[in-house]
Amino acid sequence: AAIFIIVVLGFMGVMFLSLVNTGAFTSVNTMQSKQAFYIAEGGLERAVYRLNNGTSCNPVFPANLNEANVALGEGEFDLVGTDHTLSTVLSAGINNADTIIPVASSVNFAPLGRIMIESEIIDYNGIVGNTLVNAVRGVDGTTAVAHAFNTPTAQDQCRIVSTGYLPSLTQRVVARNLQNPGAM
């Protein structure tokens, strides 16, 4: 019986140490994940500052937002800016309450973002085929109104993706859509 108790206590000790080590490992991973997130957020802030001070989102221009391996704190970040300046037309008329916006072509639209139809600004949260879905109408003080078939529809924004890295290979990606300065 004494041997059985010793074996049981030994097993319980091993399990306790295993749980302590697992908890410490999880805490370190959580901390590193947060650090990588904050580094990626720092990259976004740099991109916003540069965009608002004349740097182009369009990668065709020599002075653009794209950067790699920028040191920040204990890690680094990469920035990729994608210019979404384009226009199309409505493929069907919409009323002032529609949350689905049918367009002739959704090619090169940001995966989520902002468009302008006449003087109305509309935010959308996804694309299905040639339809912008989950639209929020009349944002930024504009008024949701009906728009006719073939009405011009424009997007002028920059999608910025920042990836923060730590030497431990932990990484986090954050993204933000911004209107190009002077747009809408």
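Shown above is the structure to which this text applies.
What you are looking at is a predicted structure, and each value in this text was computed from that prediction instead of being measured.

What counts and what doesn't
- Residues numbered from 1 in each chain as written.
- Predicted model: local features only at pLDDT ≥ 70, side-chain atom pairs only at ≥ 80, totals over all residues.
- Heavy atoms only, no water.
- Salt bridge = Lys/Arg side-chain N within 4 Å of Asp/Glu carboxyl O.
- Helix = DSSP H or I, 4+ residues; strand = E, 2+ residues; numbered from the N terminus.
- Pairing = 2+ DSSP bridges.
- Core = buried A, V, L, I, M, F, W, Y, C linked by side-chain atoms within 4.5 Å.
- Buried < 20%, exposed > 50% of the residue type's maximum accessible area, 1.4 Å probe, protein only.
- Contact = heavy atoms within 4.5 Å.
- Phe/Tyr/Trp six-rings, centres within 6.5 Å; stacked < 30°, edge-to-face > 60°.
- Disulfide = S-S within 2.5 Å.

### Quick notes on the pattern of salt bridges
Per the stated rule, a full pass over the model turns up seven salt bridges. Arginine 176 is paired through a salt bridge with glutamate 41; the nearest N and O atoms lie 3.8 Å apart. You can see arginine 176 sitting in strand 9 (residues 171–179) and its partner glutamate 41 sitting in helix 1 (residues 2–52), a full 135 residues away along the chain. In this structure, arginine 176 engages glutamate 45 in a salt bridge whose closest nitrogen and oxygen atoms are separated by 3.5 Å. Placement of the pair is arginine 176 in strand 9 and glutamate 45 in helix 1, with a sequence separation of 131 residues.

### A word on the pairing of strand 2 (residues 75–89)
Where strand 1 (residues 67–72) meets strand 2, four bridges bridge the pair, whose relative direction is antiparallel. Residue glutamate 67 lies in a different strand from strand 2, and its bridge partner there is leucine 79. Linking strand 1 back to strand 2 in an antiparallel pair, the connection comprises two residues, with glycine 73 at a positive phi of about 60°. When strand 2 meets strand 8 (residues 152–165), the two strands line up antiparallel, connected through 14 bridges. Its bridge partner lying in strand 8, phenylalanine 77 is registered against glycine 164.

### Some remarks on the nonpolar core
Within soluble globular proteins, side chains that are nonpolar generally end up buried alongside one another. Judged by nonpolar contacts, the single largest core of 17 residues is most densely connected at Leu51, Leu65, Cys158 and Ile160. For this core, the secondary structure elements donating two or more residues are helix 1, strand 2, strand 8 and strand 9. Per element, the largest residue contribution to this core is seven residues, and it comes from helix 1. Beyond its immediate sequence surroundings of up to four residues, isoleucine 160 is in contact with Leu44, Ala47, Leu65, Leu79, Val80, Gly81, Val174, Ala175, Arg176 and Leu178. By size, the runner-up hydrophobic cluster in this structure holds 13 residues, among which are Val103, Phe109, Tyr124 and Ala135.

### Notes on the sheet that holds strand 3 (residues 101–102)
With antiparallel pairing, three strands are arranged side by side in an open sheet as 3-7-6. Lying at the two open borders of the sheet, with one neighbouring strand each, are strand 3 and strand 6 (126–128).

### Things to note about the packing of aromatic side chains
Tallied over the full model, the rule gives two aromatic pairs. With centroids separated by 5.5 Å and ring planes inclined at 65°, the aromatic side chains of phenylalanine 37 and tyrosine 38 adopt a geometry described as edge-to-face. Overall, the relative accessible area of 55% leaves tyrosine 38 in the exposed class. Each ring, one from phenylalanine 109 and one from tyrosine 124, has its centre 6.5 Å from the other, and the planes form 65°; the classification is edge-to-face. With phenylalanine 109 in the loop between strand 3 and strand 4 (113–117) and tyrosine 124 in strand 5 (residues 120–124), this pair connects stretches of sequence that are 15 residues apart.

### So, the state of the cysteines
Inspection of the entire model under this criterion finds one disulfide. Disulfide pairing places cysteine 57 opposite cysteine 158 at an S-S distance of 2.0 Å. Taking the torsion about the sulfur-sulfur bond, which here is approximately 75°, the covalent link between cysteine 57 and cysteine 158 counts as right-handed. Here cysteine 158 lies in strand 8 and cysteine 57 lies in the loop between helix 1 and strand 1, a separation of 101 residues in the sequence.

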